[in-house]
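The primary structure of each chain is shown beneath.
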Amino acid sequence: MSALFDILLTASFWAAAVRIASPLIFATMGELICERAGVLNLGIEGIMVIGAFSGWMAVYLGTGLWGGVAVAMLAGMLFGLLHATLTVPFGLSQHVVGLGVTLLAASTSYFAYRLILPEVTSPPKIEPFQPLEIPYLVDIPLLGPALFAQTALTYTAFAVVAITAITLYRTPLGLAIRAAGESPQAVAAQGLSVTGLRMGAVIVGSGLMAVGGAFLTLSAFSSFFFEMVNGRGWICIALVVFGAWRPGKAMLGALLFAGFDALQIRLQQTPIGQVVPYQMFLMAPYILSILALILMSRRAQVPAALMVPFNKGER
Amino acid sequence: MRLEPIANPSLARSLGFPAAALVATVVIASLLAALAGANPLATLGLIVKGAAGSKFALLETLNRATPLIFTGLAIATAFRAKLWNIGAEAQLYGGAIVTVILGTSALSGIGAAGLPLIALGAMVAGALILLGPVMLKTKFGVDEVVTTLLFNFIMLLLVSYLLEGPMKDPMGMGWPKSAPLDRALRLPRIAEGLRLHWGFGLALISATLIWFVQTRTTLGYEMRAVGLNAQAARFAGIPVSAVLVKTALLSGGLAALAGFSEVAGLKGHLSLDLSPGFGYTGIIVAMLALLHPLGVVITAIFVAGIFVGSDSMSRAAGVPTYIADMLLAVALLLMVAAIGLTKFRVVRG
């Protein structure tokens, strides 16, 4: 037990939790925007891979770090456009198209990686985002180093949550997006384009997912590995459900989840880690996600028109 | 722009669009090869040659197709009832674990008579693994896509633990792999001197059986009814939850047979690289087959051919082998779009 408290009282633990949460926050917001408009985006896992790859490759080729983020976002939006075109105007199965987009985005990344770097055994490193200490605030015990000594990309993640929440709940555009996911007929009756709203939401959401992937290569690690996204996209889908489709709650879910993840990494170093095999610790995030889904399923307020294609003139 | 359903699509329409999708896939393949600096036609030729250019290549393709037939059938069965089983990978490993446990100890005394028992045990394991997410779906309304996906990661970690712990081969020179199966419990080859095991035969038999179940039995009818419109099926008195559970047992069992066949037929032991994503590729196989069980056999051989052919082409022409995964993803998306276009026409206004 004392080992647990020792971990919880170190600033590095809290800093790690916030760091681990950052890519999840970007991608969870992206998925949340898609689902709020009525589209389940299972392309998330692959879009995170293409974001991680393209952002890293852009920086390696000399665009600078923010240039890399922009390239990742554009790449994500491109795959978002593909997903949206097939699922929104054509109304094809969101499950199958999403999985197809995931396979295509991931294999495109791996193909391009091998094309650009045919013979390397270990991927080249880039100079990643450095922590940016915010004066005075960083001196708060525990919370200071956790929240105010992160990279610029982490601060951006929290800004994205605020922007998403304000847009969804405080602007006419947000109202229209939410209505597209609840009652598309009503949106159409107002003379707005459900197709346009949904496609826009999927494209922007996919861009955010890709930035989440880029966080892995541009801020968390400094190069690109195969399988580096490793199911994070699927976890984000669970986080959207856990957060009851609300940006703030979903962000708290991501932080809670990342806290458990940071904890399991540290518990592996303690006497508990001597007894329990490390694979059990690594399983924890996935099991937690499933538990979160079960826990929230009863109270979940699913957007009423999620996964329901809308075809103008059809009742 | 909106879509207008077509009541009775013409034959030209229902064959033309899927054919166009295949042609477009080949065109994209050529573009990718050109992008990699290779001659497109030569690259395609090398893929075909590598997949079916010799007896050895063809047998390699059929061997690779065997697990894909099983996972393809598993997914076709589940998707038919709109049960989104994306966890065939986990069920495959469940089947493989049981195969190794039974095949290295419990049943090693009784010779080849143990094989059907092992296959059955593997199927039970796979069925139970899918039963969990399906119960969560029917009882709590938890979406099975995410739970089955997450189970894949949990299962791989479990296999990793077993192979480094309780199931590690003491004679394995420290490699994380299981002890080899008893010789008598290996699936025999279909013909002497032919490098193709009975797993392929079992896959063909399974495909025929599933086709029979889907088209000639009440369960098959109920599965289709639930898939087409669960609400209407419920009003018609079909016990939707029970049908989903039966579908899950069948689907999970089929995916587990892929693990059984790979361990007992090909590898002889369990290791972490038993499946290079057969569970996920099964989705492509099933979709390209339009969920038809006999079509699965054809598309599995086609997909396996692309993988085997790309591997050998990659060595010769230097185009990254990931071209195979890209092509299959493109083929999947184009095929879904093509099927959509056979049922709807796009009208202005």
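Worth saying up front: this structure is predicted, and the values here are computed from it rather than measured.

Visitor: With reference to specific residues and values, describe the overall build of chain A.
Guide: Scanning chain A from N- to C-terminus turns up 14 helices and 0 strands. When the helices and strands of chain A are read in sequence order from the N terminus, they spell out α-α-α-α-α-α-α-α-α-α-α-α-α-α. Against the globule reference of 20 Å for 315 residues, chain A gives a C-alpha radius of gyration of 20 Å, in line with a compact fold. The dimensions of chain A, computed from C-alpha atoms along their principal axes, are 65 × 50 × 40 Å. Across the 315 residues that make up chain A, the buried fraction comes to 53%. Sequence separation of at least 24 residues holds for 79% of the intrachain contacts in chain A that already meet a minimum separation of 6.

Visitor: Help me get a handle on the overall build of chain B, residues and values and all.
Guide: Broken down by element type, chain B carries 13 helices and 2 strands. The C-alpha radius of gyration of chain B comes to 21 Å, within 12% of the 20 Å expected for a compact globule of 349 residues. With the C-alpha coordinates of chain B rotated into their principal frame, the extents come out at 70 × 60 × 35 Å. By the burial criterion, 51% of the 349 residues in chain B qualify as buried.

Visitor: Could you give an account of unusual backbone geometry, with specific residues and numbers?
Guide: The phi torsion at A244 of chain A lies on the positive side, around 50 degrees, for a residue other than glycine. When you line up the elements, A244 of chain A lands in the loop between helix 11 (232–242) and helix 12 (247–267).

Visitor: Describe the interface of chain A and chain B, with residues and values.
Guide: Contact with chain A, which involves 39 residues of that partner, is made by 35 residues of chain B. Of all the secondary structure elements, the ones that give two or more residues to the side of chain A that touches chain B are helix 5 (94–116), helix 11 and helix 14 (278–297) of chain A. Looking at which element gives the most residues to the side of chain A that touches chain B, the answer is helix 5 of chain A, with 13 residues. Residue composition of the side of chain A that touches chain B, grouped by class: 24 nonpolar, 12 polar and 3 charged.

Visitor: I'd love a proper account of the environment of G68 of chain A, names of residues and values included.
Guide: Residues and elements named next belong to chain A. If you trace the backbone, G68 turns up in helix 4 (residues 65–87). Taking the C-beta count within 10 Å as the criterion, G68 has 27 such neighbours and is therefore assigned buried. Separated by 143 residues in the primary sequence, G68 and V211 place their C-alpha atoms 9.3 Å from one another. If sequence neighbours within four positions are ignored, G68 has contacts with G55, W56, A58, V59, T63, A214 and L218.

Visitor: Account for helix 8 (residues 172–182) of chain A, with residues named and values stated.
Guide: Turning to helix 8 of chain A, its buried residues number three or more, namely A176, I177, R178, A179, A180 and G181 of chain A. Taken together, the buried residues of helix 8 of chain A touch helix 2 (11–36), helix 7 (152–170), helix 9 (184–189) and helix 10 (194–220) of chain A.

Visitor: Report on the packing of helix 2 (residues 40–52) of chain B against helix 12 (residues 293–317) of chain B, specifying residues and quantitative values.
Guide: Residue and element names in this part refer to chain B. Axis separation between helix 2 and helix 12 bottoms out at 7 Å; the angle between their running directions is 120 degrees. In terms of orientation, helix 2 and helix 12 fall into the oblique class. The two elements helix 2 and helix 12 meet at a crossing, and its hand is right-handed. Together, A42, T43, L46, I47, V48, G50, A51 and A52 of helix 2 and G305, I306, V308, G309, S310, D311, S312, M313, A316 and A317 of helix 12 make up the contact between the two elements. Of the residues assigned to the contact of helix 2 with helix 12, the class counts are 11 nonpolar, 6 polar and 1 charged.

Visitor: Can you break down the packing of helix 7 (residues 198–216) of chain B against helix 10 (residues 240–267) of chain B residue by residue, with the values?
Guide: Residues and elements named next belong to chain B. Their axes nearest at 9 Å, the elements helix 7 and helix 10 cross at an angle of 160 degrees. As judged from the angle between their axes, helix 7 and helix 10 are roughly antiparallel. The handedness of the crossing between helix 7 and helix 10 comes out as right-handed. Across the interface between the two elements, W198, G199, L202 and S206 of helix 7 pack against L254, L257, S261 and G265 of helix 10. A breakdown of the residues in the contact of helix 7 with helix 10 according to their chemical character gives 4 nonpolar, 4 polar and no charged.

Visitor: Just give me the short version of helix 1 (residues 11–35) of chain B, but keep the residues and values in it.
Guide: All names here are of chain B. The end-to-end C-alpha separation of helix 1 is 36 Å, in line with the 36 Å expected for 25 residues at 1.5 Å each. Among all positions in helix 1, only A21, T25, A29, L32 and A33 are buried. Packing partners of the buried residues in helix 1 comprise helix 2 and helix 13 (323–343). Phi turns positive one or two residues past the end of helix 1, at G37, with a value near 80 degrees.

Quick notes on the rules
- Residues numbered from 1 in each chain as written.
- Chains lettered and ligands numbered in written order.
- Predicted model: local features only at pLDDT ≥ 70, side-chain atom pairs only at ≥ 80, totals over all residues.
- Helix = DSSP H or I, 4+ residues; strand = E, 2+ residues; numbered from the N terminus.
- Rg over C-alpha atoms; globule rule 2.2 N^0.38 Å.
- Buried ≥ 20, exposed ≤ 12 C-beta atoms within 10 Å, placed from the backbone.
- Contact = placed C-beta atoms within 7 Å.
- Nonpolar A, V, L, I, M, F, W, Y, C, P; charged D, E, K, R; others polar.
- Axes fitted to C-alpha atoms, helices over the stretch in contact; angles between N-to-C directions.
- Parallel < 35°, antiparallel > 145°, perpendicular 65-115°, else oblique.
- Left-handed = near helix turned anticlockwise from the far one by under 90°.
- Expected span 1.5 Å × (residues − 1).

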